[in-house]
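Descriptive structure summary
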Amino acid sequence: MSDENAFFVFNETSEIEFKELYGLTFVFTKNTIKINGKIAAAEIYPSGIIYRENGEFYFAATYKVKSVDLIVEEYVKRHRDTI
């Protein structure tokens, strides 16, 4: 069945956001579920903290994280000019 003939059209997205505070980078994961283009459910939770120590970057998870590689890849992509 195509989307145009469906009674309900579901769309689920997941985004990673970074917020810099006090020399630390806080990582948040935002999940959104839309039904027929309207938000039906959403959650934002802290995934971890990225920090620099002795010239190295570290990721400390604050929540059970499934995609550490995705978080690191997104961080490097967004901040490669400042690293």
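My aim in this report is to walk through the structure given alongside it, one point at a time. Owing to the predicted nature of the structure, the values given are computational and were not obtained by experimental measurement.

The rules behind these values
Residues numbered from 1 in each chain as written. Predicted model: local features only at pLDDT ≥ 70, side-chain atom pairs only at ≥ 80, totals over all residues. Heavy atoms only, no water. Core = buried A, V, L, I, M, F, W, Y, C linked by side-chain atoms within 4.5 Å. Buried < 20%, exposed > 50% of the residue type's maximum accessible area, 1.4 Å probe, protein only. Helix = DSSP H or I, 4+ residues; strand = E, 2+ residues; numbered from the N terminus. Contact = heavy atoms within 4.5 Å.

**Thoughts on the nonpolar core**
- One finds I16, F18, V27, I50, I71 and Y75 forming the largest nonpolar core, which totals six residues.
- At the level of secondary structure, the elements contributing two or more residues to this core comprise β1 (10–21) and α1 (68–79).
- When near neighbours in sequence (up to four residues on either side) are disregarded, I16 contacts V27, F28, L70, I71 and R78.

**Details of the environment of P46**
- Within the fold, P46 resides in strand β3 (residues 38–53).
- Look at P46 and you get partly exposed, because its relative accessible area is 42%.
- It is 15 Å that separates the C-alpha atoms of P46 and T32, two residues lying 14 residues apart in sequence.
- When sequence neighbours within four positions are dropped, the list of residues in contact with P46 reads V27, F28, T62 and Y63.

**Some points on the environment of G55**
- Counting through the fold element by element, G55 comes out in the loop between β3 and β4 (56–61).
- Its relative accessible area of 52% is what places G55 among the exposed residues.

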